[in-house]
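Structure at a glance
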Amino acid sequence: MNKNWVLSQESFDALLAWLDQDRERAGAKYEEIRRRLIKIFAGRGCIEAEDLADETINRVTNKLSDIGNQFTGDCERYFYGVANKVYMEHQRRKQPQPPTATVVDSNRVEQEYRCLEECIEQLSDQDRELLLQYYHAEGRAKIEQRKQLAEKLGIAPNALRIRAFRIRISLQECVENCLERKLR
Amino acid sequence: MNSNIDKREMQNYLLGTLAADRRIELEERILCEPQVYEELLVVEEELIDQYLAGELSRSEQKQFENYFLITAERQENLHFRKLLKRYMDSRAQLASPGTSAAAVQPFETSAPAKKSLPFYSGPLANRPAFAFSASLVALLGIILLVWLAARHPKQPTQQIASRVTVITLAPGSLRSADTTPHVNFPPKGYDLKLELELPRPAFRKYRSQLLRESETVQTSDDLKPEAKGDQNIVPLTITREVLSPGDYHVRLSGVLDSGQDEFVDNYSFRIDRYVR
C-alpha cells in the first residue's frame, strides 16, 4: 500500500469534478464515499480500514484521466470495484496484529462522565426525554417499551431507532468537544 | 428496512459471519444507498447495546470481541456506550422506588439487609417500656464510644475518610471459584473502600490496577499496608464515579525498592445493579 501517495490539489479537484458538477455536493459525496468505504473495510475485518479507504480513493483519482469521460454509471460502484482489488492485495500481505486495548485513565473517564452529564443537560427537552426513555429499557421489556414510546411520539419504531441513534451521535460529538476543551 | 437485507444479516456482516454472496450485495448497497448505510450504523449501535446487556450468544460475543472490535472507532463507540450505560444505571437507581429506603444506606455485600429501626417488628415491638430502656442503654453506649474516640483519635487517613463502605476481599489464590463477593452499587455520595487481605506482608508499598471486563478503570500507587487484627490488609478506595454494575478484578502488585512491580494476587468482586 502506498501510504506516501498524497492527493495533489489538482487531482483532488479532478476527483470532485468527476463526482459532481457542483463542488459543494461533490465534497459531501466524497466524504460519504470515504466513510462508507471505511465501514466496508472494517466489515471485512481490516484494522487499517481508513488507510485502505484512502488507498482506494487515491487509486480511483489516479485513473481519472483514463476513465474520465468514458465512464457511465454510479461512481460508487466504480469505487467498490477498486476497493475489492485493494482488499485482495491487502489480504495477500501479512496481517498486522490487532491493536491492544487502550488503558483507560480514570481521571479522563471522570471528565468524560462530567461532560456527558453536561451534554445531556444541553439537549432539548424533547431529545433528552427520548434518549433517556429509549436507553432506559433493558432485557425483554426493551422491545415493548420502545414500541410504546414510538406510539406515544406518533412515529414508526424504525424511525424511533434512527432518531435515537442521531441524538446519540450528536451527544457523543458534544462529549468529545467538551473533553477537548477540558483537556486543553 | 425497505429491502431484502434484514437486521440479522447486517449483524452477521458486522460479526464477520455473513455468507460471501450476501456480503457483496450488502456492501454494494452500503456504498450506493444512504438509507442502507444509516441502517448499518444503527445496527452497529444496537450490537454494542446487546453486547453490553449480555444478550449475545457465546459465539457472537467471541466474534464481537475478536472481530468487531478491531477498529479504534468501534472501541471508542463501545467506550462511549459504557459511559452512557453508567449514566442510565445511576439514573435508574435514583429513580427506582425501592431505593428511597435502601439506597441511602451504605452499600454492602449482598447479604440480606437488616431492617432499620423505623420499620422494626422484632420481639420487642410489643413491649414499649422494655424497648425504651434498651434504646436508652444503646444511646448511652454510643455517647461513651464517641467520648472514647475523642480521647484516642484515629490515624489521619481514617479521619479524613469521606462516606465509604468497607468490604474485605480475600486474595483470589486463597478463595474458591464460586465465591465472588457481590457488592451493591453505591448510593450517591458514597465511595467503596476495599480491604485487600495480603497472603503475606512482603512489601512496604503496593500498587493496584482495577479492571472491569479487561479494561483498566483505575490505577492507584503508593498504597501502604495496615494491620487489621491478625491480618494484614491493603486499603484501596474506589470512587463511586468509576463504578458501574459488572465484574471487577483488582490486580495487586508490591513495589520493590528498585521501583519495579512484583505481582502479589488478584481480587474479584461484582457490583450488582441495584441495592437489594
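Scroll up for the structure.
What you see is a predicted model, and the numbers here were worked out from it, not measured in a lab.

1. Brief notes about the overall build of chain B
For chain B, the count of helices and strands is 8 helices and 9 strands. Across the 276 residues in chain B, those meeting the buried criterion constitute 23%. Put simply, of all contacts in chain B between residues at least 6 apart along the chain, 70% involve residues at least 24 apart.

2. Here we look at the overall build of chain A
If you tally the helices and strands in chain A, you get 8 helices and 0 strands. Secondary structure elements of chain A, listed N to C terminal, follow the sequence α-α-α-α-α-α-α-α. Counting the 184 residues in chain A, one finds 22% classified as buried. Partitioning the intrachain contacts of chain A with sequence separation of at least 6 by distance along the chain shows that 57% fall at a separation of at least 24.

3. Quick look at the nonpolar core
Among the nonpolar cores identified, the biggest contains 32 residues, and L37, F41, A49, A53 and F79 of chain A together with L14 of chain B are the most heavily contacted of them. For this core, the secondary-structure elements that each account for two or more residues are α2 (23-43), α3 (49-67) and α4 (75-92) of chain A together with α1 (7-14), α2 (20-32) and α3 (34-52) of chain B. When residues in this core are grouped by element, the largest group, 6 residues, is from α2 of chain A. When near neighbours in sequence (up to four residues on either side) are disregarded, L14 of chain B contacts G43 of chain A together with V43, E44, L47 and F68 of chain B. In terms of nonpolar packing, the next biggest core, distinct from the first, is built from 24 residues, V183, L223, I238 and Y267 of chain B among them.

4. Focus on the sheet that holds strand β1 (residues 164-169) of chain B
Residues and elements named next belong to chain B. Read across the sheet, 4 strands follow the order β1-β3-β7-β6 without closing on themselves; strand pairing throughout is mixed. Unpaired on one side and paired on the other, β1 and β6 (226-228) mark the two borders of the sheet. The average angle at which neighbouring strand axes cross in this sheet is 40 degrees, direction not considered. Note that β6 and strand β7 (residues 231-238) share 3 bridges and pair antiparallel. Among the inter-strand pairings, A227 is bridged to a residue of β7, identified as N232.

5. Description of the pairing of strand β4 (residues 206-212) of chain B
Two faces, one strand: in a regular strand the side chains alternate between the faces of the sheet. All names here are of chain B. Bridge analysis of β4 against strand β5 (residues 215-223) gives 6 bridges, and the strand direction is antiparallel. Bridge pairing in β5 places L210 opposite Q218. Between the end of β4 and the start of β5, which pair antiparallel, lie 2 residues, with E213 showing a positive phi angle near 50 degrees. Here 7 bridges tie β4 to strand β8 (residues 246-255), and the two strands are oriented antiparallel to one another. Residue R212 lies in a different strand from β8, and its bridge partner there is Y248.

6. Quick look at helix α6 (residues 125-136) of chain A
All names here are of chain A. Between its first and last C-alpha, α6 extends 16 Å over 12 residues, near the 16 Å set by a 1.5 Å rise per residue. When we look at burial in α6, the residues that qualify are L131, Y134 and Y135. Angularly, the buried residues of α6 cover 85 degrees about the axis, an arc narrow enough to put them on a single face. Counted as exposed and oriented over 90 degrees from the buried face of α6: D125 and Q126.

Procedures and definitions
- Residues numbered from 1 in each chain as written.
- Chains lettered and ligands numbered in written order.
- Predicted model: local features only at pLDDT ≥ 70, side-chain atom pairs only at ≥ 80, totals over all residues.
- Helix = DSSP H or I, 4+ residues; strand = E, 2+ residues; numbered from the N terminus.
- Buried ≥ 20, exposed ≤ 12 C-beta atoms within 10 Å, placed from the backbone.
- Contact = placed C-beta atoms within 7 Å.
- Core = buried A, V, L, I, M, F, W, Y, C linked by C-beta atoms within 7 Å.
- Pairing = 2+ DSSP bridges.
- Axes fitted to C-alpha atoms, helices over the stretch in contact; angles between N-to-C directions.
- Expected span 1.5 Å × (residues − 1).
- Arc of directions from axis to C-beta.

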